[in-house]
Amino acid sequence: MWKTAGHALAVSVLVGSAGQAASQDSFFDRFDRFDKSRWYISDGWTNGDHQNCWWARNAVDLRDGKLILSLRATQDDERPYVCGEVQTKETYKYGTYEARFRTDRASGVNAAFFTYIGPAHKKPHDEIDVEVLTRDPGRVSFNTFVSGKMHNGKTVPLTPPTDEAFHTYSMIWEPDGIRWYIDGEFLHETEGDILPQNAQKIFLSHWSTDTLTDWMGPFDDPGRTLEMEIDWIAWTAPGEDCQFDGSVLCGLAAAQ
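Here is a short report on the structure shown in this document. Note that the structure is a prediction, hence the values are computed from the model and not measured.

Conventions adopted
- Residues numbered from 1 in each chain as written.
- Predicted model: local features only at pLDDT ≥ 70, side-chain atom pairs only at ≥ 80, totals over all residues.
- Heavy atoms only, no water.
- Helix = DSSP H or I, 4+ residues; strand = E, 2+ residues; numbered from the N terminus.
- Rg over C-alpha atoms; globule rule 2.2 N^0.38 Å.
- Buried < 20%, exposed > 50% of the residue type's maximum accessible area, 1.4 Å probe, protein only.
- Phe/Tyr/Trp six-rings, centres within 6.5 Å; stacked < 30°, edge-to-face > 60°.
- Lys NZ or Arg CZ within 6 Å of the ring centre and 35° of its normal.
- Disulfide = S-S within 2.5 Å.
- Pairing = 2+ DSSP bridges.
- Salt bridge = Lys/Arg side-chain N within 4 Å of Asp/Glu carboxyl O.
- Core = buried A, V, L, I, M, F, W, Y, C linked by side-chain atoms within 4.5 Å.

**As for the overall build of the protein chain**
Right, on to step 1. What the protein chain contains, in helices and strands, is two helices and 18 strands.
Right, on to step 2. Over its C-alpha atoms the protein chain spans a radius of gyration of 17 Å, differing by no more than 12% from the 18 Å that the globule rule assigns to 256 residues.
Right, on to step 3. Projecting the C-alpha coordinates of the protein chain onto the three principal axes gives extents of approximately 55 × 40 × 35 Å.
Right, on to step 4. Looking at the protein chain as a whole, 53% of its 256 residues are labelled buried.

Listed below in structure tokens is the structure:
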């Protein structure tokens, strides 16, 4: 997902179970508790010089049944900002990926829900993205990476903007293509046969930059903690229908 001038940037990863077979068990996580068997918290590094915050365990929290990914200033000269990211320990392939979240509003900040696998796992870089550049929370971007090259990009308007309301973002990945939805509305699909081929981990991330200003805007410290609030996240295995209220699959089944 993180790219500039069409080039992908490094993604933080946990090496381990990503090398195993893809999980086949559907899940729906309300974040009533933090499931350590499912999630790993990125902690103690950055993804490169483009990132001006450090992934930190203390930037990830649960509050009122929501997962909170914070971005805030610290008193540490070496690590002036910390930011939050979680990633699944298992990999997933075809199926329906969904998350309901709200962002903050700030230039130079990226709030994202995406899948990823790459060289750290001895695999090509494959990725499927939903991104909000929160300098303009009234727009949402979709794209894929296949063997490290970006394809299928599109940015769509969204009302109300992501800092004013929770929205449900859905990605249906099938062998012949990927479709993106927001709040059950179909908005984008892949074109052609250049598609991700590898099972991937699921990520939620909230980070900032001082250098990718053409893409994300200049970062201006807002003087407060910025938050990405995730209400829930789910993956539904292929062939399974509506599993919970709010899933895009419920609406698609009703329309048939």
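The rest of the description comes next.
**Thoughts on the packing of aromatic side chains**
Right, on to step 1. Throughout the structure, instances matching the rule amount to 16 aromatic pairs.
Right, on to step 2. Between W232 and F244 the ring centres are 5.1 Å apart and the planes differ by 75 degrees, which places this aromatic pair in the edge-to-face class. Of this pair, W232 sits in strand 18 (residues 226-236) while F244 sits in the loop between strand 18 and helix 2 (248-255), and the two are 12 residues apart along the sequence. With respect to burial, W232 and F244 carry one shared label: buried.
Right, on to step 3. Aromatic ring contacts, followed pair by pair, group F27, F31, W39, Y92, Y94, Y97, W173 and W235 into a single cluster.
Right, on to step 4. It is R38 that lies over the ring of F27; its NZ or CZ is 4.2 Å from the centre.
Right, on to step 5. The ring of W54 has R79 lying over it, and the distance from NZ or CZ to the ring centre is 4.1 Å.

**Considering the side chain of S70**
Right, on to step 1. Structurally, S70 can be placed in strand 7 (residues 66-73).
Right, on to step 2. Under the relative-accessibility criterion, S70 is labelled buried at 8%.

**A short note on the state of the cysteines**
Right, on to step 1. The full count for this structure, using the stated rule, is two disulfides.
Right, on to step 2. In this model C53 forms its disulfide with C83; the gap between the sulfur atoms is 2.2 Å. Here C53 and C83 share a disulfide; its torsion about the S-S bond, 85 degrees, makes the bridge right-handed. Of the two residues, C53 is situated in the loop between strand 4 (39-41) and strand 5 (54-55) and C83 in strand 8 (residues 81-88); the sequence distance between them amounts to 30 residues.
Right, on to step 3. A residue is classified by how much of its surface remains accessible, and C53, at 0% relative accessible area, is buried.

**Points about the pairing of strand 6 (residues 60-63)**
Right, on to step 1. When strand 6 meets strand 7, the two strands line up antiparallel, connected through four bridges. The residue bridging D61 from the neighbouring strand is I68, located in strand 7.

**Here's the deal with the pattern of salt bridges**
Right, on to step 1. For the structure on display, the rule yields eight salt bridges.
Right, on to step 2. E229 serves as the salt-bridge partner of R102, at 2.7 Å between the closest nitrogen and oxygen. You can see R102 sitting in strand 9 (residues 95-102) and its partner E229 sitting in strand 18, a full 127 residues away along the chain.
Right, on to step 3. For R102, a relative accessible area of 24% translates into the label partly exposed.
Right, on to step 4. Classification of E229 as buried rests on a relative accessible area of 14%.
Right, on to step 5. Three or more residues joined by partner-sharing salt bridges are found here, namely D29, D35 and R38.

**Notes on the nonpolar core**
Nonpolar side chains in soluble globular proteins tend to be buried together.
Right, on to step 1. Among the nonpolar cores identified, the biggest contains 35 residues, and F113, V140, L204 and I233 are the most heavily contacted of them.
Right, on to step 2. Top contributing element to this core by residue count: strand 18, with four residues.
Right, on to step 3. By size, the runner-up hydrophobic cluster in this structure holds 14 residues, among which are L71, Y81, C83 and M216.

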